[in-house]
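# Structure assessment
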Amino acid sequence: MNDVYILAIESSCDETSCSIVKNGCEDISTVVLSQIDIHKLYGGVVPEIASRMHIEVITKVIEEALFKSALTMSDIDAIAVTYAPGLLGSLLVGVTAAKTLAYVYNKPLIPVHHIAGHIYANNLVETMEFPLIALVVSGGHTELVYMKSDYDFKVIGSTLDDAVGEVYDKVARVLALPYPGGPKVDALARLGEDTYALPLPLDDSSYNFSFSGLKSAVINLKHKEEQRGNEIIKENLAASFQNRVIEIITKKTMHALKEYHCQNLIVAGGVAANRELREKLKELCLKERVTLKIPDLKYCTDNATMIGAAGYYAYKMGYHADLDLNAKANEVLK
Ligand code: KG4
Ligand code: ZN
């Protein structure tokens, strides 16, 4: 079979990215432009600023990815783009750019769900084996997905409120740490001990998550201690919070693997960078004889390479969109 080159675009949040991916697994060239330094000033992503910045750089990012690949548009087989979910204004910039390229160069347009991208980032390292459970943990998502075969997604659980990365960022703010707070809370937690009594959130038999109660418990605990004139031990609060998060995530993930008879676990999304989560999953998977795969860190955070990796399978399966493709802020992976 001929090689397939996908030009992929991702702009669902605060990264503008374009990538050329060969056969769904080879990163020919990738450009990722992060807006993090601007959003840092506001303590989080400001949607209006994000979409304006995507508009300013999208053309340059696409041109640079093509230039770095040493290919031309005539070598490209299809255009893949993240169409959902995410910030609507941000998504629209990528979708409009992709539709324009598809129209001008007469290429198939492939709509890719952002979560499918995070999952398929794993194929950039090693081909995924089925059946599997995918744990997707990022600033915008917390999902457990069962996959019987390629491009066959069954979301078995998701967050009912905040995403796990989001709650890390909010707790970081309570601890006066700068955005994005996840890595800082992670680092702080490793210096502390689990001494604070915090609840294990949504400890039930479902695969859903809920982190807003835990977030409120952290805020209330801090206020109460301050009212009593006690100094909070930040390291210990970070460690107590992190332990509860990791415990509930690993518990539900291991349970899903058992119930769905899967020997393969893949982890994706920015929170996959969490050292404690990686270590705990490694230990549990070894014990249960489950094969654990986590993509390289550069493919865990938002990038277009993962969209090209997923887009390849969507292309092969004939999931083509018309030029009336619209961006969707909320859409469940199916
Ligand atoms: O996947 P990503 O780059 O963007 C989204 O799609 O949201 O994930 C970013 C999120 C942020 O909330 C960040 O705080 C969190 O991932 N994060 C972490 C760690 N590294 C990044 N959370 C916990 N521990 C970490 N080490
Ligand atoms: Zn993401």
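Okay, so let's go over this structure. Bear in mind that the values here come from a model prediction, so they are computed numbers and not experimental data.

Ligation of the zinc ion (ligand 2) by protein atoms is provided by His114 (NE2), His118 (NE2) and Asp302 (OD), these donors lying 2.0 to 2.1 Å from the ion. One can describe the site at the zinc ion (ligand 2) as irregular: its four donor atoms subtend angles covering 92 to 139 degrees at the metal. The sequence pattern formed by the donor residues of the zinc ion (ligand 2) is H-x3-H-x183-D. One end of the pair is His114 and the other is His118, both in helix α4 (residues 114–120) and four residues apart, which spans about a single turn. Neither residue differs from the other here; His114 and His118 are each classed as buried.

Moving on, we come to the pairing of strand β8 (residues 153–158). Pairing analysis gives five bridges linking strand β7 (residues 142–147) to β8, with the strands arranged antiparallel. Bridge assignment links Leu144 to a residue of β8, and that residue is Gly157.

With an omega dihedral of -20 degrees, the bond running from Ala84 to Pro85 counts as a cis peptide bond. Note that Pro85 resides in the loop between β4 (78–84) and α3 (88–105). Here the residue pair Tyr179 and Pro180 is connected by a cis peptide bond, since its omega of -10 degrees sits within 30 degrees of zero. Summarising the element assignment, Pro180 is placed in the loop between α5 (164–174) and α6 (182–189). For Ala70, which is not glycine, the phi torsion reads 60 degrees and is therefore positive. If you trace the backbone, Ala70 turns up in the loop between α2 (47–69) and β4.

Rules used in this analysis
- All residue numbers refer to position in the chain's written sequence, counted from 1.
- Note on labels: chains are lettered from A, ligands numbered from 1, in written order.
- Where totals are concerned, whole chains, interfaces and linings use all residues; where local detail is concerned, this predicted model gives features only for residues with pLDDT of at least 70, and gives and counts side-chain atom pairs only at 80 or more.
- Side-chain metrics in this entry use all non-hydrogen atoms of the structure; hydrogen atoms and water are not considered.
- Any N, O or S atom lying within 2.8 Å of the metal counts as a donor, and for Na, K and Ca the limit rises to 3.2 Å; water is left out, so some sites can look incomplete.
- Four donors are marked tetrahedral only if all angles between them lie between 85 and 135 degrees, whereas four are marked square planar and six octahedral if opposite donors are more than 155 degrees apart and the other angles lie between 65 and 115; the remainder are marked irregular.
- Under the DSSP-based scheme used, a helix requires at least four consecutive residues in state H or I and a strand at least two consecutive residues in state E, with every element numbered from the N terminus.
- Any residue under 20% of the maximum accessible area for its type is buried, any over 50% is exposed, and the rest in between are partly exposed; the area is computed with a 1.4 Å probe on protein chains only.
- DSSP calls a pair of strands paired once it identifies at least 2 bridges connecting them.

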